[in-house]
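Geometric and topological summary
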Amino acid sequence: PKQRRLGLTILILVTVPIALLAILQEAGIGGLRNSLADITGNASPIGMSGIIRATGPFGNWAALAGYFLPILMVLISLGLAGQLQRRKRLCLALGGLMVIGILLTTELSVIICLILGIFVLAVQYGRFRKMMLWFGVAAAVSLIVVGPILGNRLNNQFGAVAGSSKSALEPQTVSFRQEIWTQQYLPAVAERPLDGYEIGRASCRERV
């Protein structure tokens, strides 16, 4: 038990500098947008369609969101189980930093998983009403802090695209992947479904 507590403490505390780094990066302080992109190999500090998405010490915003999610779920579980009474305020602050970090990545799939995870844990621990109260407060604060960023992301995902027949209800990322698979990947597989394409031959043809 002592080792578990120590391990969880270290794991959760390490998220503090990572979350602060992501927040400072999003705020454009100290030239972190460009410097972190150079260090981590991130393709662009601006991201898709001019939307700035936090990456922290990772090379991609999805990796940052995926790092925060399980640790935040553990922290919420400990709180619902009554294991954080001594450092309740500190844990709330740490959880808040991780939530902000996830929201700054604007990774919608992780945000949806976070919301669903909170609902599931609240039901399992019999704290649904209390958790919904805290969830409402957190949602209101989040909208104030990162509302414009999330708004731009949602508009980018569900807004109309010129020259495209994409439905407004279909996310742009889903539409893009569907187009890639139906127009490129599956037709390429259909051409040679049994033996496929050898990497060596393909690379030789490219060089020629």
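The rules behind these values
- Residues numbered from 1 in each chain as written.
- Predicted model: local features only at pLDDT ≥ 70, side-chain atom pairs only at ≥ 80, totals over all residues.
- Heavy atoms only, no water.
- Patch = residues over 30% accessible without salt bridge, like charges linked within 9 Å, V, L, I, M, F, W, Y side chains within 5 Å.
- Areas by Shrake-Rupley, 256 points an atom, 1.4 Å probe, with all protein chains shown as cover.
- Salt bridge = Lys/Arg side-chain N within 4 Å of Asp/Glu carboxyl O.
- Helix = DSSP H or I, 4+ residues; strand = E, 2+ residues; numbered from the N terminus.
- Buried < 20%, exposed > 50% of the residue type's maximum accessible area, 1.4 Å probe, protein only.
- Phe/Tyr/Trp six-rings, centres within 6.5 Å; stacked < 30°, edge-to-face > 60°.
- Core = buried A, V, L, I, M, F, W, Y, C linked by side-chain atoms within 4.5 Å.
- Contact = heavy atoms within 4.5 Å.
- Arc of directions from axis to C-beta.
- pLDDT = per-residue confidence, 0-100.

What follows covers a nonpolar patch on the surface. Together, Leu133, Val137, Val141, Ile144 and Val145 line one region of the surface with nonpolar side chains, adding up to about 490 Å² of accessible area. Here Leu133 is to be found in helix α6 (residues 128–158). For Leu133, a relative accessible area of 59% gives the class exposed.

Turning to the packing of aromatic side chains, a few remarks are in order. The description of an aromatic ring pair uses the distance of the two centres, along with the angle that the planes make with each other. All chains considered together, the criterion is met by five aromatic pairs. Each ring, one from Phe119 and one from Phe135, has its centre 5.6 Å from the other, and the planes form 55°; the classification is tilted. Of this pair, Phe119 sits in helix α5 (residues 108–124) while Phe135 sits in helix α6; the two residues are 16 residues apart in sequence, bridging distant segments of the chain. Looking at Phe135, the relative accessible area reads 25%, which means it is partly exposed.

With that out of the way, let us pick up the nonpolar core. Of all hydrophobic cores here, the largest spans 34 residues; its most connected members are Phe68, Met73, Leu75, Ile76, Ile102 and Leu114. Those elements that place two or more of their residues in this core are α1 (2–27), α3 (61–80), α4 (88–105), α5 and α6. The greatest single-element share of this core, amounting to 10 residues, is contributed by α3. The contact partners of Leu75, leaving out residues within four places of it in the chain, are Ile12, Leu84, Cys91, Leu94, Gly95 and Met98.

A separate point is the pattern of salt bridges. Under the definition given, this model contains one salt bridge. The shortest N-O distance in the salt bridge between Glu107 and Arg53 comes to 3.0 Å. Within this pair, whereas Glu107 is found in the loop between α4 and α5, its partner Arg53 is found in the loop between α2 (32–40) and α3, the two being separated by 54 residues in sequence. The exposure classification of Glu107 matches that of Arg53, with both residues buried.

This next bit is on α2. Those residues of α2 not exposed but buried are Leu32, Leu36 and Ala37. All buried residues of α2 project into a common sector of 130° when viewed along the axis, lining one side. Of the residues trailing α2, Gly41 is marked for its positive phi of about 80°.

Per-residue confidence for the chain gives a mean pLDDT of 78; residues scoring 70 or more make up 78%. The low-confidence segment residues 200–208 (pLDDT under 50) makes one contact with residues lying over four places distant or belonging to another chain.

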